[in-house]
Amino acid sequence: MTRLGQILPPAVIAAVGAWVAWISYTQQPADAFLFPRLISTVFVLLALWALGQAILGRARVEAGISWKALSNLAPGFLVLLVYVFWAAKSLGFYTATAIGFFLLLSLYDPGDHRAPRVWARRLAITAVFTLVMYGLFAQLLNVFTPREVLF
Amino acid sequence: MMEFLNHFGEVFSPVSFLLLLGGTIGGLILGATPGLSPTMAVALLIPFTFHLQPVQGLILLGAAYTSTVAGGAVSAILLKIPGAPANIATTLDGHTMAKQGQGARALQLSFLASAFGGIIGVMLLIFLTPVLAQWALAFGPSHLFWLAILGVTVIGTLDGSSVVKGLLSGCIGLWLATIGFDDILGAQRFVVHPALGGGVNIIAALIGLFAIPQVISMLAKGRQRQDVEVIAVQSHPIGAAIRELLQRTRALGIGTVTGSIVGLIPGIGGQIAGLVAYDQSKKFSTEPQKYGTGHSEGVIAAESANNAMVGPSLVPLLTLSIPGSPTAAVLLGGLLIHGIFPGSDLFDNHPEVAWTFINSMLIGQVLMLLFGLYIAGLAARVAMVPPSVMAAVVLGLAVFGAYSVQNSMGDVYVMAVLGIMMYVLERYGYSAAPLVLGLILGPIAEANFIQGSLIANATDGPVAYFLTGGLNIALICIVLASITYSIAMELRSRRRAREAVA
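Residues numbered from 1 in each chain as written. Chains lettered and ligands numbered in written order. Predicted model: local features only at pLDDT ≥ 70, side-chain atom pairs only at ≥ 80, totals over all residues.

Glancing now at the overall build of chain A. Secondary structure assignment for chain A yields five helices and zero strands. Starting at the N terminus and ending at the C terminus, chain A contains elements arranged as α-α-α-α-α. For 151 residues, the compact-globule formula gives about 15 Å, and the C-alpha radius of gyration of chain A, at 23 Å, lies well above that figure. Taking the principal axes of its C-alpha atoms as reference, chain A extends roughly 55 × 40 × 20 Å. (Helix = DSSP H or I, 4+ residues; strand = E, 2+ residues; numbered from the N terminus. Rg over C-alpha atoms; globule rule 2.2 N^0.38 Å.)

What follows is the structure, encoded as structure tokens:
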């Protein structure tokens, strides 16, 4: 991993720590921020220590996220984001789950995309999973989820 | 001391027993599935307990905890893929035995050793917990504050590869716990989005922190085939396995004692228990050269240890609210959502909940032994589920589980954001366990810090109140000792790594 790759995560954490400390020491009422002040001070000190170690090259080198992992991840991550932050509420949980599940399965299943049998299996697994979720959450646990389209 | 006997009957009420049975069988299958750790399995199960009585919910979670640890041995032995980190040591001899056509013998010894270790571990839980719970009555706000800090510090320093990163993770968790409305003055703190108005929901956070990084990790591997082969299991007489276990009492004893001790120390998980027991058993064996070549003692030591760890890991949780392991931390979340607070209150005001839960773990060990042997083959097949299916299933369960906590999309967003954040942090050496501990113990630490400060202002001042007195000093010394020890270990491992390169 590059030096920049090692420095970036502790730098971001140090920036978050500094923001937490700034809020804790400036916001009112002060009594409500007594405990956050205590932990944010330790937070900032540790974050600066970690950042210093990374800058000096003394931090333990971790696996990080490779470009290959990122490229593998990108389509599935996009599905995850759209599913969680838009589709679940806008299309309804079960419709969004069925679509999201099928997309993830199709994107990452190593089966041959040209084989109709593979697509049929993916559809069957998606249908079974959606039905199980519907049975568990809607019927058994009576959880009311957003249902915008279909069910 | 024998009060637990009064509550044995409650385990056998139809609903409780069915949940115990379902949790045990489900846990064995989930445990065998690589990528589904006991912690994640318990976190994903918590939403299903909302609609149950507290004791029934805890029975389900306890059964899943116990049996996922044991179930992990199935894939470790038959596939050479540990179902959970706790089963790493089991692969060393277990898989070799399976390749030699001794798969059934390895599985039988593994479940027998697990059950023995597990029963001893739960007995320790039964006899130690009430004593410690009474002792905890003497604790004031300053002691409870330091205990919460101790919980975060110990797991932060012992869990990961870097002390600083472990402690930083704990700090992030403590900060996340302060988000939302302040309990005393009602002031908003760090609310950057309306979804955070009510604070970070613990269950949604637990699901996100344990399930989402696993989903992303599976996706990051791309389109991959499950190219592992399940080794066929030939029949083997169970009587012979029992006789063999009785002949290997040294390995069984070392495993059970090691697991029990490791379980009692907050922050050290089953992975350490299994590996330390394996190593110690090898050192004390008359045939150390056979370890690693398919020696049954290796399986017995590792499996008795990782299940003996389960019961004692709940002792600090049920008495002092300090979880002994990440899974115990998730269980604490399960207790709190049912309005049950660990400590003497649990045994004084909810004895039926506490004892029925503990008894169910005892009965669960027997069920695990009975069913484990029969469903090992099925569990190994489930372990072959492709990562693409597993990722999609876990994501779906995580979204539904987080939503069902309070029927709130805000919890789903919090779950997803924390999960994505945790994936990135894990890739850079930060661990989820201290963060979770910080998140769970944060409110306990803050409440006692504020209460202690009020007392201190009316008496001798904060320094005298928080930093003097025998128990305060003892707790501070343990915090400092765990940090010092971990730094020394880290420096030693770096020195060795440098010497190895040179």
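Under the 1.5 Å per step criterion, the end-to-end length of helix α4 (residues 93–108) of chain A is 22 Å for 16 residues, consistent within 8% with the ideal 22 Å. Among the 16 residues of α4 of chain A, 12 are classified as buried, and the element is accordingly described as predominantly covered. Listing the buried residues of α4 of chain A in full gives Phe93, Tyr94, Ala96, Thr97, Ala98, Gly100, Phe101, Phe102, Leu103, Leu104, Leu105 and Tyr108 of chain A. Next to the buried residues of α4 of chain A lie α3 (67–90) and α5 (116–140) of chain A together with α8 (202–220) and α18 (387–406) of chain B. (Expected span 1.5 Å × (residues − 1). Buried ≥ 20, exposed ≤ 12 C-beta atoms within 10 Å, placed from the backbone. Contact = placed C-beta atoms within 7 Å.)

Residue and element names in this part refer to chain B. Counted at 1.5 Å a residue, the expected span for helix α22 (residues 470–501) with its 32 residues is 46 Å, and the 46 Å between its end C-alpha atoms agrees. Buried residues are scarce in α22, accounting for three of its 32 residues. Leu475, Ser482 and Ser486 are the residues of α22 that are buried.

Residue and element names in this part refer to chain B. Mapping Gln247 onto the fold places it in helix α9 (residues 238–247). Using a count of 12 C-beta atoms within 10 Å as the deciding quantity, one classes Gln247 as exposed. Residues Gln247 and Val11 lie 236 residues apart in sequence; the distance between their C-alpha atoms is 33 Å.

Take the interface of chain B and chain A next. Counting from both sides, the interface comprises 49 residues of chain B and, opposite them, 50 residues of chain A. At the level of elements, α7 (163–178), α8, α18, α19 (409–427) and α20 (432–458) of chain B are the ones that each hand at least two residues to the side of chain B that touches chain A. Considering every element that reaches the side of chain B that touches chain A, the biggest residue donor is α18 of chain B, with 11 residues. Here the residues of the side of chain B that touches chain A sort into 29 nonpolar, 12 polar and eight charged. (Nonpolar A, V, L, I, M, F, W, Y, C, P; charged D, E, K, R; others polar.)

Residue and element names in this part refer to chain B. Where helix α15 (residues 326–337) contacts α20, the axes come no closer than 10 Å and their chain directions differ by 25 degrees. Taken together, the axes of α15 and α20 lie roughly parallel to each other. The interaxial crossing formed by α15 with α20 has left-handed handedness. Across from Pro326, Ala329, Leu332 and Gly333 in α15, the residues of α20 making contact are Ala433, Val436, Leu437 and Ile440. (Axes fitted to C-alpha atoms, helices over the stretch in contact; angles between N-to-C directions. Parallel < 35°, antiparallel > 145°, perpendicular 65-115°, else oblique. Left-handed = near helix turned anticlockwise from the far one by under 90°.)

Right, let's get into the nonpolar core. Among the nonpolar cores identified, the biggest contains 217 residues, and Ile207, Ala398 and Met415 of chain B are the most heavily contacted of them. The leading source of residues in this core is helix α5 (residues 88–135) of chain B, at 20 residues. (Core = buried A, V, L, I, M, F, W, Y, C linked by C-beta atoms within 7 Å.)

Attention shifts here to the environment of Leu34 of chain A. As for its position among the elements, Leu34 of chain A is in helix α2 (residues 34–55). Spatially, the C-alpha atom of Leu34 of chain A lies 7.7 Å from that of Ser24 of chain A, the residues being 10 residues apart in sequence. Excluding residues that lie within four positions of it along the chain, Leu34 of chain A makes contacts with Ile450 and Ser453 of chain B.

Turning our eyes to something else, we now look at the environment of Leu367 of chain B. All names here are of chain B. One can find Leu367 in helix α17 (residues 351–382). Each C-alpha atom of the pair Leu367 and Ile25 lies 8.5 Å from the other, and the pair is 342 residues apart in sequence. What Leu367 contacts, discounting residues up to four positions off in sequence, is Leu20, Leu21 and Thr24.

In a packed pair of helices, the relevant descriptors are the angle between the two axes and the axis-to-axis distance. All names here are of chain B. Between α18 and α19, the least distance of the axes is 7 Å, while the angle of their chain directions is 135 degrees. Accordingly, the angle class assigned to the pair α18 and α19 is oblique. Pair α18 / α19 crosses with right-handed handedness. Mapping the contact onto sequence places Ala398, Val399, Ala402, Tyr403, Val405 and Gln406 in α18 and Met409, Asp411, Val412 and Met415 in α19. Looking at the contact of α18 with α19, its residues break down into eight nonpolar, one polar and one charged.

This part covers the confidence of the model for chain B. Confidence in the prediction of chain B, expressed as mean pLDDT, is 82, and 93% of residues score 70 or more. The complex model carries a pTM of 0.81, and its ipTM stands at 0.91. (pLDDT = per-residue confidence, 0-100.)

When pLDDT is averaged across chain A, the result is 86; 95% of the residues are at 70 or more. Averaged pLDDT values for the elements of chain A fall to 88 in α5 of chain A and rise to 91 in α2 of chain A.

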